[in-house]
Amino acid sequence: MLGQMMQRPLLISHLIQHAAKYHGDTPIISRETDGSTTLSDWKTIHSNSKRLANALAKLGMEQGDRLATIAWNNRRHLEIWYGVSGAGMVCHTINPRLFPQQIIYVVNDAEDQVLFFEKTFLPLVMGVKDHLKTVKHFVCMTAPDEEVRAQLPNVIFYDDIVDEESDEFEWPELDENAPASLCYTSGTTGNPKGVLYTNRSTVLHSFGISLPDSINLSAQDVVLPVVPMFHANAWGLPYAAAMIGASLVLPGPNLDGHSLANMIDDYKVNVAVGVPTIWQTLLAAAKETGTKLPSLKRNVVGGSACPSSMIKTFRDEFGCETLHAWGMTETSPLGTANQLKAKHSDLSEEDKLTVRLSQGRPPFGVEIRIVDSEQNNKLLPNDGKTSGNVQIRGYWIVDTYFNNEQSALESDGWFDTGDIATINEDGYLRIRDRAKDLIKSGGEWISSVELEDIAMSHPAVAMAAVIGAAHPKWDERPIIITQLAVGEQVSEEALIAHYEGKVAKWQLPNAVIFVEAVPLNGTGKMLKKDLREQYGNHLIERGLID
Ligand code: ADP
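Only a predicted model underlies this, so the values are computations on that prediction, with no experimental measurement involved.

## Details of the overall build of the protein
Consideration 1: When helices and strands are counted, the protein shows 17 helices and 25 strands.
Consideration 2: Since a compact globule built from 546 residues should have a radius of gyration of about 24 Å, the 24 Å found for the protein is in line with a globular shape.
Consideration 3: When burial is assessed residue by residue, the protein has 59% of its 546 residues classed as buried.
Consideration 4: Here the protein contributes 48 positively and 69 negatively charged side chains, and the mean placements of these two sets differ by 3 Å.

This is the structure we're talking about:
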C-alpha cells in the first residue's frame, strides 16, 4: 500500500455533533405554534435529538424506517430531523397544504411508521388517520395536551417522550449512502413523486450551498429560513447552518410580512431565504411600518423567477443584496446561484443587475447543460441565446424516485429538469420557462416568465401570471392575470402599453384579467395550471381573436 487517507462516512449525525461541539451556545430561536418564542442553541438541539433517538428505539423504530412530519419550521422539528436521520431512519417532511387525498397517498407510499404533527394540524390528521395504513404512532409536537388527547386517545406527546429519556446516545456509524430524508414533489401532474436523499448527498449539498458564491454562510450569520422545512428540506439550510455554526431563526407558522419584518429586526437576521411571494409580503409590510430592515444584508430568492423590480427595491431601499438561485426537489435543491465574477466588477449597476437577474451558475458538485430533447438530446451552445431543455447531474441530484424500479435519468446519466433555459459563455443559466408553461404562438415560443417580469415592474401590479390562452389563428396568445397592489389602479390598455419597446410586437399580451388574488400552491408558486383551466378560453369568449 502506498498510503491511505481516513475513510470517514459523510453523515448527518456528524453535522449536529460538530455544531454542538464547536458552536454549542449559538442561538436557535424558534417561534412556536402556540405563539410563544423559545431560545435554544445547537448543544440543546443535539441533546434533545439524542433523547428523541432513544425514545424512537423504544417505540420499535429501526434503521431505514420512514417517519413523517407535518410541521412548521421550529425547534422541535429541527430536533426531529437530527434525531431521526442521525439514528439511521428517514425523515419524511409533508406539506400540510397538500389535499388530504395526496397526504394519504404520500404516507402510504412512504410506508411511514410515525407521524409527528403540530397541534394546529390535528383536524387534518383526524380527517386522514383512518386511511394511513402503516402509521403506528401519532406524536403531537407539544407538551401533554388534554384537548388533543380527547380526540386522539392513543396520541403520544413529543415533550413527554423526549423529557423522559437520557441524552446518552451513540449515533450509529452508518453507510454514507444510507437514506436520510424524503421529500415529495408537489405533483402538479399525476401523483407526487418521492425523492430520497442520502446522508452523503445531504452533507455534500451542505458544503455546496455554504460556499461564498452560493449562499455564503458563516458562523457570523443569523439565518431566517422562511422556506418551509417541507419544501425541499428548507433548501438544506438547517443542515448547512449546523455545518457552519450559523444561528437560526425559525419562523413557525407566522409567515406574513409583518411577523417576518419583526423577526428580522428583533433577532438581527442578516440572511433570509424564501420564494418571491414571501419577499413581496415582506416589502409591503416594511413599506407600511417604515422599517429599513437594517440588519438584513442578503436575501436568497428561488422557487420561481425573481422579478427585477424586487432586486432593485431590496438594493436601493434596504441595502440588501438579493441572490437569485434555482433548483428543484430533485436537486436537493441547489442547482445554481447567482454571484458575480471578478470580470463583472467594472460593470454599471444596471449591467450588474442584468447578470444578477439570471439564475446564476452551478457550484462545484453539479453540472448543467442544455439540449434539444426533440433531436436526441443534441447538445446546444452556451451562447446566452439558444434555448433548450435544462439537464443536470451531480453529487446531490436524484437518480431514481422513491419506490421506483427505473432510473429517472436519460440514457447518458443526466436528469432532465423540465425547464427551458439559455446558458451564457460564463455558465450563467437563465430560465425562460417551464416547458409546460411556454406559450406557443404561431409556431414561435413566448416566455411567460419574461412577460410576468415586465408586468411586475409596473408599480400598480402586485403579482402577475401570464398564460397562453387558446387562439384560433395563432394557437395560443399570452394573457395576463394580475393582482393589483393595494390602493393602485391600471387599465388593461395601459398595462399592455407598458410592454411596448420591451418585447417584440408579436409578443405583446392580448388581454388582462384583474383578480383579487393570484392563486398560489402550497409552496407559494402561482398555480398556472389552474389559471389555464379557468381562463384558457378567455380570448375566444371575449371575441378577441383577430
Ligand atoms: P414544484 O414542481 O412543486 O414547483 P419544486 O419546488 O421542486 O417543485 O420546483 C422546481 C421548479 O421551480 C423548477 O423546475 C423551476 O421550474 C422552478 N424554479 C425554481 N427556482 C426558480 C427560479 N429561480 N427561477 C425560475 N424558476 C424557478
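## Digging into the nonpolar core
Most often, soluble globular proteins have nonpolar side chains that are buried together.
Consideration 1: Counting residues in hydrophobic clusters, the biggest one holds 109 residues, and the most contacted among them are W42, L78, Y82, F116 and W279.
Consideration 2: For this core, the leading source of residues is helix α9 (residues 237–244), giving 7 residues.
Consideration 3: Here this core gathers at least three residues from each of two domains, domain 1 (18–254) and domain 2 (308–436).
Consideration 4: Residues in contact with W279, not counting those within four places in the same chain, are V226, A272, V273, G274, N299, V300, V301, M310 and F314.
Consideration 5: Counting residues in each nonpolar core, the second largest holds 29 residues, with A68, W72, V90 and I104 among its members.

## Remarks on the state of the cysteines
Consideration 1: Considering all chains together, one arrives at 0 disulfides under this definition.
Consideration 2: Free of any disulfide, C183 has its nearest neighbouring cysteine sulfur in C91, separated by 8.6 Å.
Consideration 3: Classification of C183 by relative accessible area gives buried; the value is 1%.

## Observations concerning the UniProt feature "domain: AMP-binding enzyme C-terminal" (unreviewed entry) in the protein
Consideration 1: Following the UniProt record, the feature "domain: AMP-binding enzyme C-terminal" (unreviewed entry) maps to residues 450–525 here.
Consideration 2: In the segment residues 450–525, helix accounts for 17% and strand for 33%; the C-alpha atoms at its two ends are 16 Å apart.

## Observations regarding the sheet that holds strand β7 (residues 156–157)
Consideration 1: If you walk across this open sheet you meet the 7 strands as β7-β6-β5-β3-β4-β8-β9, and the pairing is mixed. Pairing within the sheet leaves two strands with one partner each, and these edge strands are β7 and β9 (194–198).
Consideration 2: Of the pairings in the sheet, the one linking strand β4 (residues 90–93) to strand β8 (residues 179–184) comprises 2 bridges and is parallel in character. Paired with H92 across the two strands is L182, which belongs to β8.
Consideration 3: Across the sheet, helix α3 (residues 75–86) touches β3 (66–70), β4, β5 (112–117) and β8, and the angle it forms with β4 is around 145°.

## Quick word on the sheet that holds strand β20 (residues 429–434)
Consideration 1: Strand order in the open sheet formed by 5 strands is β17-β16-β18-β19-β20, and the pairing between neighbours is antiparallel. Unpaired on one side and paired on the other, β17 (378–379) and β20 mark the two borders of the sheet.
Consideration 2: Judged from the 4 bridges that link them, strand β18 (residues 388–394) and strand β19 (residues 415–423) form a sheet pairing that is antiparallel. The residue bridging N389 from the neighbouring strand is I420, located in β19.

## Overview of the layout of surface pockets
Think of a ball as big as a water molecule: rolled over the atoms, this probe shows where empty space is left.
Consideration 1: Reported here for the second largest pocket is a volume of approximately 1,300 Å³.
Consideration 2: Surrounding the second largest pocket, 47 residues form its lining, Q280, T281, L283, A284 and A462 being those nearest its centre.
Consideration 3: Those elements giving two or more residues to the lining of the second largest pocket turn out to be α10 (257–267), α11 (276–289), α12 (308–318), β23 (461–471) and β24 (475–484).
Consideration 4: The element contributing the most residues to the lining of the second largest pocket is α11, with 10 residues.
Consideration 5: Class assignment for the residues of the lining of the second largest pocket results in 23 nonpolar, 17 polar and 7 charged.

## Section: the domain arrangement of the protein
Consideration 1: Segmentation of the protein into domains returns domain 1 (18–254), domain 2 (308–436) and domain 3 (438–542).
Consideration 2: Each of domain 1 and domain 3 has a C-alpha centre, and these two points are 38 Å apart.
Consideration 3: Between domain 1 and domain 3, the contact holds 6 residues from the first and 5 residues from the second.
Consideration 4: For the domain 1 and domain 3 pair, buried surface summed over both sides reaches about 420 Å², with 57% attributable to carbon and sulfur atoms.
Consideration 5: Where domain 1 packs against domain 3, one counts 0 salt bridges.
Consideration 6: At the junction of domain 1 and domain 3, the tally comes to 1 residue pair in polar contact (both at pLDDT 80 or more).

## Focus on the site of the ligand
Consideration 1: The immediate surroundings of the ligand are formed by 15 residues, with S186, T329, D419, R434 and K525 found nearest.
Consideration 2: If the ligand stood free it would expose 570 Å²; the protein chains cover 92% of that surface.
Consideration 3: At 4 residues, the largest contribution of residues to the shell around the ligand is made by strand β14 (residues 321–327).
Consideration 4: Here the residues of the shell around the ligand sort into 4 nonpolar, 8 polar and 3 charged.

## Quick notes on the environment of N233
Consideration 1: With respect to the secondary-structure elements, N233 resides in the loop between β10 (222–225) and α9.
Consideration 2: Expressed as a C-alpha distance, the spacing of N233 and K50, which sit 183 residues apart in the sequence, is 21 Å.
Consideration 3: If near-sequence neighbours (up to four positions away) are discounted, N233 is found in contact with W81, T93, S181, C183, Y197, P228, P238 and Y239.

## A few points about the packing of aromatic side chains
Consideration 1: Summed over all chains, the structure comprises 9 aromatic pairs.
Consideration 2: On the numbers, 5.2 Å between centres and 70° between planes, the contact of F169 with W171 is edge-to-face.
Consideration 3: Centroid distance W279 to F314: 6.2 Å. Interplanar angle 90°. Geometry classified as edge-to-face. Pair noted here: W279 is in helix α11 and F314 is in helix α12, with a separation of 35 residues, a long-range link.
Consideration 4: Among the residues examined, W279 registers a relative accessible area of 0% and is labelled buried.
Consideration 5: According to the relative accessible area criterion, F314 is buried, its value standing at 0%.

So, how was this worked out
- Residues numbered from 1 in each chain as written.
- Predicted model: local features only at pLDDT ≥ 70, side-chain atom pairs only at ≥ 80, totals over all residues.
- Heavy atoms only, no water.
- Helix = DSSP H or I, 4+ residues; strand = E, 2+ residues; numbered from the N terminus.
- Rg over C-alpha atoms; globule rule 2.2 N^0.38 Å.
- Buried < 20%, exposed > 50% of the residue type's maximum accessible area, 1.4 Å probe, protein only.
- Lys, Arg positive; Asp, Glu negative; His and termini not counted.
- Charge placed at Lys NZ, Arg CZ, Asp CG, Glu CD.
- Core = buried A, V, L, I, M, F, W, Y, C linked by side-chain atoms within 4.5 Å.
- Domains from an automatic or database assignment.
- Contact = heavy atoms within 4.5 Å.
- Disulfide = S-S within 2.5 Å.
- UniProt positions renumbered as here; feature names shortened; annotations may be inferred.
- Pairing = 2+ DSSP bridges.
- Axes fitted to C-alpha atoms, helices over the stretch in contact; angles between N-to-C directions.
- 1 Å grid on protein atoms, 1.4 Å probe; cavity = no way out; pocket = protein on both sides within 12 Å on 5 of 7 lines; lining within 4 Å.
- Points joined across faces, edges and corners; volume = space filled by probe spheres on them.
- Nonpolar A, V, L, I, M, F, W, Y, C, P; charged D, E, K, R; others polar.
- Buried area = accessible area lost by both parts, 1.4 Å probe.
- Salt bridge = Lys/Arg side-chain N within 4 Å of Asp/Glu carboxyl O.
- Polar contact = N/O pair within 3.5 Å; in protein donor to acceptor, adjacent residues only side chain to side chain.
- Near = heavy atom within 4 Å.
- Areas by Shrake-Rupley, 256 points an atom, 1.4 Å probe, with all protein chains shown as cover.
- Phe/Tyr/Trp six-rings, centres within 6.5 Å; stacked < 30°, edge-to-face > 60°.

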